[in-house]
Amino acid sequence: MIVGQRILVLEDEPLIAMDLEDLLTSKGFSVAGPFSTSTAALESLDKAPLQAALLDIYLFNGTSFDVARELRRRGIRFAFMTGLVAPDVVPADLAGSPIILKPYNEKELLAFVAT
């Protein structure tokens, strides 16, 4: 892992967002966000390069699917984070995207961002 690599965090639950930020920064990553809306996350994409992104699927104001589509268009790795396990939780055009189940496993999450 290279110190300072930026990871975008899109999570609308404040405690989870703070926990993710603390975990990532303690391992030497820089956090873009955490953001609680897709709009804020999308607006941040041109500010600095990203290594990867962690996206809560269901936000208070919608979903993170538009952010995922833009990240994919830009070639930035992302993983969805959700507590829901259902075959149709991700739309067809985003099928096959990595999913990290909540409550997340710290080793699994860190393995994804460090890859």
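For the structure, see preceding data.
The present account deals with the structure reproduced in this document.

Conventions used here
Residues numbered from 1 in each chain as written. Predicted model: local features only at pLDDT ≥ 70, side-chain atom pairs only at ≥ 80, totals over all residues. Heavy atoms only, no water. Axes fitted to C-alpha atoms, helices over the stretch in contact; angles between N-to-C directions. Helix = DSSP H or I, 4+ residues; strand = E, 2+ residues; numbered from the N terminus. Parallel < 35°, antiparallel > 145°, perpendicular 65-115°, else oblique. Left-handed = near helix turned anticlockwise from the far one by under 90°. Contact = heavy atoms within 4.5 Å. Buried < 20%, exposed > 50% of the residue type's maximum accessible area, 1.4 Å probe, protein only. Arc of directions from axis to C-beta. Polar contact = N/O pair within 3.5 Å; in protein donor to acceptor, adjacent residues only side chain to side chain. Salt bridge = Lys/Arg side-chain N within 4 Å of Asp/Glu carboxyl O. Pairing = 2+ DSSP bridges. Core = buried A, V, L, I, M, F, W, Y, C linked by side-chain atoms within 4.5 Å. Phe/Tyr/Trp six-rings, centres within 6.5 Å; stacked < 30°, edge-to-face > 60°.

1. Section: the packing of helix α1 (residues 14-26) against helix α4 (residues 106-114)
Turning to step 1, where the next piece is worked out: With their axes 12 Å apart at the nearest point, α1 and α4 run at an angle of 60° to one another. By the angle between their axes, α1 is oblique relative to α4. Here α1 and α4 pass one another in a crossing that is right-handed. Packed against α1, whose contacting residues are Leu-20, Leu-23 and Leu-24, the element α4 presents Glu-106, Leu-109, Leu-110 and Val-113 at the interface.

2. Let's talk about α4
Turning to step 1, where the next piece is worked out: Residues of α4 that are buried include every one of Leu-109, Leu-110, Phe-112 and Val-113, and no others. All buried residues of α4 project into a common sector of 155° when viewed along the axis, lining one side.
Turning to step 2, where the next piece is worked out: Its side-chain oxygen 2.9 Å from the backbone nitrogen of Lys-107, Asn-105 forms the N-cap of α4.

3. Here we look at the pattern of salt bridges
Turning to step 1, where the next piece is worked out: Throughout the structure, instances matching the rule amount to seven salt bridges.
Turning to step 2, where the next piece is worked out: Between Glu-11 and Lys-102 there is a salt bridge whose closest N-O contact spans 2.8 Å. Taken together, the positions of Glu-11 in the loop between β1 (6-10) and α1 and Lys-102 in the loop between β7 (99-101) and α4 put the pair 91 residues apart, joining distant regions of the chain.
Turning to step 3, where the next piece is worked out: Note that Asp-93 is salt-bridged to Arg-69, the shortest N-O span being 2.6 Å. A residue pair is termed long-range when its members are at least 10 positions apart, and Asp-93 in the loop between β6 (77-82) and β7 and Arg-69 in helix α3 (residues 65-74) qualify at 24 residues.

4. A closer look at the pairing of strand β3 (residues 52-56)
Turning to step 1, where the next piece is worked out: Along β3, five of the five residues are buried, which leaves the element largely enclosed by surrounding structure.
Turning to step 2, where the next piece is worked out: Residues of β3 alternate between two faces, with Ala-52, Leu-54 and Asp-56 on one and Ala-53 and Leu-55 on the opposite face, all of them buried.
Turning to step 3, where the next piece is worked out: When β1 meets β3, the two strands line up parallel, connected through four bridges. Bridge pairing in β3 links Ile-7 to Ala-52.

5. Looking at the nonpolar core
Note on soluble globular proteins: their nonpolar side chains tend to be buried together.
Turning to step 1, where the next piece is worked out: Ranked by internal contacts, the top residues of the largest apolar core, which has 21 residues, are Leu-8, Leu-10, Leu-55, Leu-71, Phe-78 and Phe-80.
Turning to step 2, where the next piece is worked out: Taken together, the elements giving at least two residues each to this core come down to β1, β2 (30-35), β3, α3 and β6.
Turning to step 3, where the next piece is worked out: With four residues, the top contributor of residues to this core is α3.
Turning to step 4, where the next piece is worked out: For Leu-55, the contacting residues outside a window of four places in its chain are Leu-8, Leu-10, Ser-64, Val-67, Ala-68, Leu-71, Phe-78, Ala-79, Phe-80 and Met-81.
Turning to step 5, where the next piece is worked out: Leu-24, Ala-79, Ile-100 and Phe-112 belong to the second largest nonpolar core, which has 17 residues in total.

6. Considerations on the packing of aromatic side chains
Turning to step 1, where the next piece is worked out: The final tally for this structure, using the stated rule, is two aromatic pairs.
Turning to step 2, where the next piece is worked out: Considering the side-chain rings of Phe-78 and Phe-80, the 5.4 Å spacing of their centres and the 70° angle between planes classify their relative orientation as edge-to-face. Taken as a pair, Phe-78 and Phe-80 share a single burial class, namely buried.

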